[in-house]
Amino acid sequence: MAQQRTVRVSLDSPSYAVCVVGTETLVDIYGSVPRGATSFAVSGSSAVKIIMVYDPKVMRKPMDTSRWPLDSEVEVVVAMDAPSSQINDAKVRISYYGPSGDSVLAQAVLILTSVDISLEVDTGRTGVVQKSKVDKKTWRWGPDGHGAILLVNCDRDDPSSQDIDYDKTSIRTLADLQDMSLMVLRTEGPEALFANHQLVLHVPVSDADKVGVFHATGGNSLFQYKHVLGPQKLSYIVEREPGEKETTFYVEGLAFPDSNFSGLVSFSVTLLDIADQDFLESPIFTDSVVFRVAPWIMTPNTLTPLEVFVCSLDDNESPNVEFLEAVTKLALKADCQLTICPLVDNRNDRWIQDEMEFGYIEAPHKSFPVVFDSPRNRGLKDFPFKRVLGPDFGYVTRELENGQASSLDSFGNLDVSPPVSVRGKEYPLGRILIGSSFPKSGGRRMAKIIRNFLYAQKVQEPVELYSDWLAVGHVDEFLSFVPASGQKGFRLLLASPNACFKLFQEKKDEGHGDAAQFDGLKIVKKVTINEILEDETLRSDSRYVQSCIDWNREVLKRELSLTERDIIDIPQLFKISNSSAEAYFPDMVNMVVLGKYLGIPKPFGPIINGRCCLEEKVLSLLEPLGLNCTFIDDYLSYHVLMGEVHCGTNVRRKPFSFKWWNMIP
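Please read all numbers here as calculations on a predicted model, not as lab measurements.

Student: Go over the overall build of the protein with me, naming the residues and quoting the values.
Tutor: When its secondary structure is counted, the protein shows nine helices and 42 strands. Radius of gyration (C-alpha) of the protein: 34 Å, far over the 26 Å computed for a compact globule of 665 residues. In terms of overall dimensions, the protein has a C-alpha envelope of 120 × 55 × 45 Å along the principal axes. Within the protein, buried positions represent 56% of all 665 residues. Pairs at least 24 residues apart make up 72% of the contacts formed inside the protein by residues separated by at least 6 positions. When the 69 basic and 89 acidic side-chain charges of the protein are each reduced to a single mean position, those positions are 4 Å apart.

Okay, structure coming up:
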């Protein structure tokens with residue numbers, strides 16, 4: 001229904017009103033009825049549409065619609081479909097009649113000026129601002145949905161700046177405008193109207209700290225973009241040039257959706273009558289629009305890798321150099337850019353996967369990657385802000401109030417599945433996986449402030465897994481996803497003590513019981529297959545670990561709608577130390593996935609017929625999927641420090657082709 005307001009008329013002198021195109025004006029014909037009047041008639045200029053509103057239960061429609069009884073609650077509504085060419089160019093006349101109806105007892109005149117005012121945004125999600133044909137005040141998900149989208153302006157387009165772009169109230173570079181969404185105020189009507197009227201752009205107090213608005217006053221000079229709305233600015237009297245029909249604003253997001261912010265923000269423009277200086281401004285018309293702030297989206301292993309990150313450390317003798325060389329060769333093979341974080345930036349902190357997680361944000365007009373910086377704050381704590389944040393590369397973080405991060409707050413404990421369909425519900429961007437404590441136990445859990453952030457993004461509904469049984473406690477210690485052909489397009493890899501004992505038993509039965517684990521490692525005592533199979537402590541530890549992994553297996557099958565055919569068990573043993581589990585040999589699921597190229601921790605398994613039987617088993621499982629496996633020696637550089645290849649690398653990937661706003665969360 002069109003906006004409607006009421007104007008009063010007088011028998012003594014003409015009344016004046018502004019009629020906004022697309023709105024209805026209720027004319028109060030009962031406030032000045034002359035004594036003895038029983039009926040009335042309404043006439044008007046050709047540009048004025050007159051609508052008579054009545055209740056058919058009270059009054060049947062008269063044969064002669066030129067006269068209407070005053071005692072039947074008839075209402076008069078006027079509207080205009082086009083803006084006036086000049087001020088006061090339309091008229092409505094109300095004539096009152098007595099019982100005889102022979103002569104007019106009195107007349108009231110309403111003088112109208114029509115103006116077209118609209119606040120427009122990209123409700124159609126096409127990247128272009130057009131006049132909206134839908135309700136601009138609502139936001140709907142799905143392919144048939146509508147509503148404008150706003151990016152958090154969290155990159156740093158000016159290389160000379162030390163701040164994130166949203167921290168400033170001035171435009172430092174024109175490139176910054178490309179990260180913002182357009183909002184256009186369109187006005188058409190007699191310019192003389194604005195001598196006694198003004199337009200005010202305003203934002204609710206609840207939204208003011210979530211957005212910033214710049215008014216483009218014309219030209220390409222940076223100074224011609226004026227900061228007009230934001231945390232300390234709730235309203236702005238729009239400055240228009242005479243005859244200006246379009247006023248352009250650039251809108252930036254200042255905050256991501258979170259537990260205290262739904263992601264929806266609104267703006268309104270109000271036309272005020274300021275003719276009477278002795279009274280407050282009188283609002284005539286308000287038009288409103290709503291934006292949704294784009295969520296931060298994680299990228300799964302199945303998406304194309306673009307850039308690999310790895311640290312160079314101070315122990316630049318072997319084995320770290322060998323690890324770095326192996327990752328470099330793998331990145332080259334996968335046609336990925338390689339970024340080496342030097343010692344001056346990592347401060348001897350090699351766990352680059354734990355420090356940050358790569359994702360992206362997207363609107364119809366723009367997309368760019370955004371790094372999520374974890375609150376672990378060790379040697380690498382400044383790297384994401386100082387070296388990753390930059391032009392068209394955003395940054396977000398969540399800091400803990402007490403500053404005490406647990407191991408589960410590191411982002412090796414954060415993963416995301418490929419797209420899945422679960423019980424009829426589509427997750428076209430996958431589901432986030434978070435390691436946590438066992439349900440109803442009092443163990444470690446990822447900090448609430450991080451979990452709240454992840455849940456609030458809505459588009460990758462998280463699943464919490466049980467990882468607290470591990471000493472480090474990260475989900476990447478027992479699972480990984482790899483691309484594969486087929487309907488789902490991937491396989492879930494799970495570490496499996498049962499699969500390892502089964503393999504070793506097979507090798508023993510084949511007469512290879514004396515082949516030794518850790519063969520090829522000079523500094524580690526070799527342990528034969530027979531000794532492993534006879535080690536009751538190791539078997540007991542592995543039964544416990546298998547039960548924990550099996551718990552997660554069932555959760556993953558249920559929450560990702562997986563079958564056993566979608567899961568591949570990777571042979572792996574664990575040992576219990578201080579009531580927590582650690583990988584007994586390099587943890588092969590803790591791999592880096594670069595398209596079809598996998599960088600897998602070298603397990604140093606028993607050598608049988610000149611080949612590592614663990615490597616041979618993994619190859620037999622993964623090569624039929626079209627995957628190319630490279631085993632990387634990370635034993636001294638990462639494994640003995642309780643991490644592996646995945647922990648020591650990080651990957652930025654190509655965004656999804658699917659547009660997040662087309663899903664229904």
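Student: For the sheet that holds strand β34 (residues 567-571), give the residues involved together with the corresponding values.
Tutor: Overall, mixed pairing links the three strands, which are arranged β30-β31-β34 in an open sheet. Of all strands in the sheet, those with a lone pairing partner are β30 (479-483) and β34, marking the two edges. Recorded for the sheet is a direction-independent mean angle of 30° between the axes of neighbouring strands. Both strand β31 (residues 490-496) and β34 contribute to a ladder of five bridges, which runs parallel. Within the sheet, the bridge partner assigned to A495 lies in β34 and is I570. With respect to the sheet, helix α6 (residues 497-509) is in contact with β31 and β34, its orientation differing from that of β31 by roughly 70°. Sheet strands in contact with helix α8 (residues 536-560) are β30, β31 and β34, and its direction is about 165° off that of β31.

Student: Help me get a handle on the sheet that holds strand β15 (residues 235-237), residues and values and all.
Tutor: Strands pair in a sheet through their backbones, by hydrogen bonds, and they do so in one of two ways: parallel or antiparallel. Read from one edge to the other, the open sheet built from five strands follows the order β10-β18-β17-β12-β15, with strand pairing classed as mixed. The open sheet has two edge strands with one neighbour each: β10 (148-150) and β15. Taking each pair of neighbouring strands and ignoring which way they run, the sheet shows an average axis angle of 30°. Looking at chain direction, strand β12 (residues 197-202) and β15 are connected through three bridges and run antiparallel. Looking at the pairing, V200 lines up with I237 of β15.

Student: How would you explain the packing of aromatic side chains if you had to name every residue and give the values?
Tutor: Taken as a whole, this structure holds 28 aromatic pairs when the rule is applied. Where W139 meets W660, the ring centres are 6.0 Å apart and the plane angle is 10°; that geometry is what we call stacked. On the criterion of sequence distance, the pair formed by W139 in the loop between β9 (104-120) and β10 and W660 in the segment after β42 (649-653) is long-range, its members being 521 residues apart. For W660, a relative accessible area of 0% corresponds to the buried category. With 4.9 Å between their ring centres and 50° between their planes, F372 and F453 make a pair best called tilted. In this pair, F372 sits in strand β23 (residues 366-373) while F453 sits in helix α5 (residues 448-456), placing the two residues 81 residues apart along the sequence. Feature note: the residues F256, W296, F372, F411 and F453 constitute an aromatic cluster, connected by ring pairs. A cation over an aromatic ring shows up here: R67 above the ring of Y97, its NZ or CZ 3.5 Å from the ring centre. The ring centre of F501 lies 4.5 Å from the NZ or CZ of R539, which sits over that ring.

Student: Describe the nonpolar core, and please don't skip the residues or the numbers.
Tutor: Core analysis: the biggest nonpolar cluster contains 87 residues, and M183, F267, L271, F291, L454 and W660 have the highest contact counts within it. No other element matches the six residues that strand β18 (residues 282-293) contributes to this core. Apart from residues no more than four positions distant in its own chain, L454 is found in contact with W296, F372, L414, I432, I434, M446 and P462. Counting 68 residues, the second largest nonpolar core, distinct from the first, contains L470, L494, F518 and I600.

Student: Talk me through the UniProt feature "active site" (unreviewed entry) in the protein; I want residue IDs and the actual numbers.
Tutor: Following the UniProt record, the feature "active site" (unreviewed entry) maps to D354, H474, D476 and C647 here. Over a stretch of 294 residues, the named residues converge on one spot in the fold, their C-alpha atoms separated by at most 10.3 Å. Note on placement: H474 falls in the loop between β29 (463-466) and β30. Residues within four places of H474 in sequence aside, it is in contact with D354, S407, S410, G412, N413 and S467. Only 3.4 Å separates the side chain of H474 from the side chain of D354, close enough to count as a polar contact. Mapping C647 onto the fold places it in the loop between β41 (628-632) and β42. Judged by relative accessible area, which is 5%, C647 ranks as buried. Ignoring sequence-local partners within four residues, the contact set of C647 consists of R350, W351, I352, Q353, D354, D476 and N590.

Student: Explain a negative patch on the surface residue by residue, including any values.
Tutor: Residues D514, E531, E534, D535 and E536 make up a contiguous surface patch of negative charge. You can see E536 is positioned in helix α8.

Student: Go over the pattern of salt bridges with me, naming the residues and quoting the values.
Tutor: Going through the model one piece at a time under the given rule, you end up with 36 salt bridges. K245 serves as the salt-bridge partner of E188, at 3.8 Å between the closest nitrogen and oxygen. Here K245 lies in the loop between β15 and β16 (246-253) and E188 lies in strand β11 (residues 181-188), a separation of 57 residues in the sequence. When its relative accessible area of 37% is taken as the criterion, E188 is described as partly exposed. Residues participating in the shared-partner salt-bridge network are R423, R431, E461, R558 and E559.

Student: Which residues make up the packing of α6 against helix α9 (residues 613-622), and what values go with them?
Tutor: For the pair α6 and α9, the least separation of the axes is 11 Å and the interaxial angle reads 115°. The two elements α6 and α9 meet at a crossing, and its hand is right-handed. Across the interface between the two elements, C500, L503, F504 and K507 of α6 pack against C613, L614 and K617 of α9. Split by residue class, the contact of α6 with α9 holds five nonpolar, no polar and two charged.

Student: If you had to explain the domain arrangement of the protein to someone new, which residues and values would you point to?
Tutor: Domain boundaries assigned for the protein yield domain 1 (5-115), domain 2 (122-293) and domain 3 (297-659). Once you take the C-alpha centre of each, domain 1 and domain 2 turn out to be 37 Å apart. Counting residues at the interface gives 12 residues for domain 1 and 10 residues for domain 2. Of all residues in domain 1, the largest losses of buried area upon contact with domain 2 belong to V18, I87 and V115, amounting jointly to 46% of the total for that side. Viewed at the interface, domain 2 and domain 1 are joined by zero salt bridges.

The rules behind each value
- Residues numbered from 1 in each chain as written.
- Predicted model: local features only at pLDDT ≥ 70, side-chain atom pairs only at ≥ 80, totals over all residues.
- Heavy atoms only, no water.
- Helix = DSSP H or I, 4+ residues; strand = E, 2+ residues; numbered from the N terminus.
- Rg over C-alpha atoms; globule rule 2.2 N^0.38 Å.
- Buried < 20%, exposed > 50% of the residue type's maximum accessible area, 1.4 Å probe, protein only.
- Contact = heavy atoms within 4.5 Å.
- Lys, Arg positive; Asp, Glu negative; His and termini not counted.
- Charge placed at Lys NZ, Arg CZ, Asp CG, Glu CD.
- Pairing = 2+ DSSP bridges.
- Axes fitted to C-alpha atoms, helices over the stretch in contact; angles between N-to-C directions.
- Phe/Tyr/Trp six-rings, centres within 6.5 Å; stacked < 30°, edge-to-face > 60°.
- Lys NZ or Arg CZ within 6 Å of the ring centre and 35° of its normal.
- Core = buried A, V, L, I, M, F, W, Y, C linked by side-chain atoms within 4.5 Å.
- UniProt positions renumbered as here; feature names shortened; annotations may be inferred.
- Polar contact = N/O pair within 3.5 Å; in protein donor to acceptor, adjacent residues only side chain to side chain.
- Patch = residues over 30% accessible without salt bridge, like charges linked within 9 Å, V, L, I, M, F, W, Y side chains within 5 Å.
- Areas by Shrake-Rupley, 256 points an atom, 1.4 Å probe, with all protein chains shown as cover.
- Salt bridge = Lys/Arg side-chain N within 4 Å of Asp/Glu carboxyl O.
- Left-handed = near helix turned anticlockwise from the far one by under 90°.
- Nonpolar A, V, L, I, M, F, W, Y, C, P; charged D, E, K, R; others polar.
- Domains from an automatic or database assignment.
- Buried area = accessible area lost by both parts, 1.4 Å probe.

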